[in-house]
Amino acid sequence: MIKDETAAKNKEWFYGLTAATGLQYIEDDDSLSTYRIDAKLGYKFSDRALINIYGLQSNIASAVATAGSTGFTYTEFGLRFKWIFLKKPIYKK
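How each quantity is defined
Residues numbered from 1 in each chain as written. Predicted model: local features only at pLDDT ≥ 70, side-chain atom pairs only at ≥ 80, totals over all residues. Heavy atoms only, no water. Patch = residues over 30% accessible without salt bridge, like charges linked within 9 Å, V, L, I, M, F, W, Y side chains within 5 Å. Areas by Shrake-Rupley, 256 points an atom, 1.4 Å probe, with all protein chains shown as cover. Salt bridge = Lys/Arg side-chain N within 4 Å of Asp/Glu carboxyl O. Helix = DSSP H or I, 4+ residues; strand = E, 2+ residues; numbered from the N terminus. Pairing = 2+ DSSP bridges. Contact = heavy atoms within 4.5 Å.

Quick look at a nonpolar patch on the surface
- Together, Met1, Trp13, Tyr15, Leu17, Ile37, Leu41, Ile53 and Leu79 make up a nonpolar patch on the protein surface, roughly 840 Å² of accessible area in all.
- Of all the secondary-structure elements, those providing two or more residues to the nonpolar patch are β2 (12–24) and β3 (32–46).
- The greatest single-element share of the nonpolar patch, amounting to 3 residues, is contributed by β2.
- Along the chain, Ile37 falls in strand β3.

Structural data, given as structure tokens:
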């Protein structure tokens, strides 16, 4: 279920919720069940300003994980405010 900030019109809410599950194999060990949940909720004030809260939780180990990575979880949450205060970029490509 997603309504991305780029699809939202001015003075409109946007949101996203994704979830996934699966199996992960690390070297020759048995498989580990994994999950990932990612959510966000925000409001678009204008084409140049928005705010949102977000959260992520996962137990998927990174590519550099060792065989003993059972029990690994990652949680992130935050508040994001985006404001483009200049009408034109200060540099040219």
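After that view, the rundown keeps rolling.
As for the pairing of β2
- Where strand β1 (residues 2–3) meets β2, 2 bridges bridge the pair, whose relative direction is antiparallel. Looking at the pairing, Ile2 lines up with Gly16 of β2.
- Bridge count between β2 and β3: 13 bridges; the pairing is antiparallel. Note on β3: the bridge partner recorded for Gln24 is Leu32.

Comments concerning the environment of Arg80
- Among the structural elements, Arg80 can be located in strand β5 (residues 74–83).
- It is 6.2 Å that separates the C-alpha atoms of Arg80 and Ile53, two residues lying 27 residues apart in sequence.
- Every residue in contact with Arg80, bar those within four places of it in the chain, is listed here: Glu5, Leu50, Ile51, Asn52 and Tyr54.

Focus on the sheet that holds β5
- Spatially, β1-β2-β3-β4-β5 is the arrangement adopted by the 5 strands of the open sheet, whose pairing is antiparallel. Both outer strands of the open sheet, β1 and β5, are each paired with one neighbouring strand and no more.

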